[in-house]
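Structural characterization, general
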Amino acid sequence: MDEQDLLERIQSLVEEEHRLRDAATGGGTEDAVDSDGSRARLAQLEAQLDQCWDLLRQRRAKKHAGEDPDDAEPRPISEVEGYRQ
């Protein structure tokens with residue numbers, strides 16, 4: 001996945017996250033907002049976004065260091081979720 005593909009993936013995930021959050025603030029039905037499936041999907045999106053942002057940072061760091069950005073590998077979600085902000 002090159003940087004452009006990664007940015008497009010991030011954008012897609014952000015758009016879906018915004019749709020779910022908009023539904024939670026009155027844009028959707030009460031049942032859709034409170035469903036366990038919606039909450040689970042939102043948590044999944046947040047984790048995937050963290051993973052994508054981490055991969056993007058890795059790629060940029062490798063490029064800046066003169067290394068091949070394609071050598072960057074996605075880290076497990078359990079690892080990137082544990083980072084401090």
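Before any of the text, the structure's been laid out above.
Fair warning: this is a prediction, and the values are worked out from it, not measured in the lab. (Residues numbered from 1 in each chain as written. Predicted model: local features only at pLDDT ≥ 70, side-chain atom pairs only at ≥ 80, totals over all residues. Heavy atoms only, no water.)

1. Brief notes about the side chain of R59
The criterion, for reference: What counts as a helix is a DSSP run of H or I of at least four residues, what counts as a strand is a run of E of at least two, and both are numbered from the N terminus. Exposure is judged per residue with a 1.4 Å probe applied to protein chains only, and the accessible area is read against the type maximum: over 50% gives exposed, under 20% gives buried, and values in between give partly exposed. Whether two residues are in contact is decided by their heavy atoms: any pair within 4.5 Å suffices.
For R59, the position within the fold is in helix 3 (residues 36–64). R59 sits in the buried class, given a relative accessible area of 7%. Excluding its chain neighbours within four sequence positions, the residues that come into contact with R59 are M1, D2, E3, L6, P69, D70 and A72.

2. Some remarks on the environment of E46
Summarising the element assignment, E46 is placed in helix 3. A relative accessible area of 32% means that E46 is categorised as partly exposed. When the C-alpha positions of E46 and E17 are compared, they lie 7.8 Å apart, and in sequence the two are 29 residues distant. For E46, the residues in contact, after removing those within four places along its chain, are E17, R21 and E81.

3. Structural notes on the pattern of salt bridges
Inclusion rule: Within this document, salt bridges are pairs made up of a side-chain nitrogen of Lys or Arg and a carboxyl oxygen of Asp or Glu, the two lying within 4 Å of each other.
Per the counting criterion, the structure on display carries 8 salt bridges. A salt bridge links R75 to D54, with the shortest nitrogen-to-oxygen separation between them at 2.8 Å. Of the two residues, R75 sits in the loop between helix 3 and helix 4 (77–80) while D54 sits in helix 3, which places them 21 residues apart along the sequence. The network of salt bridges with common partners includes E17, R21 and E46.

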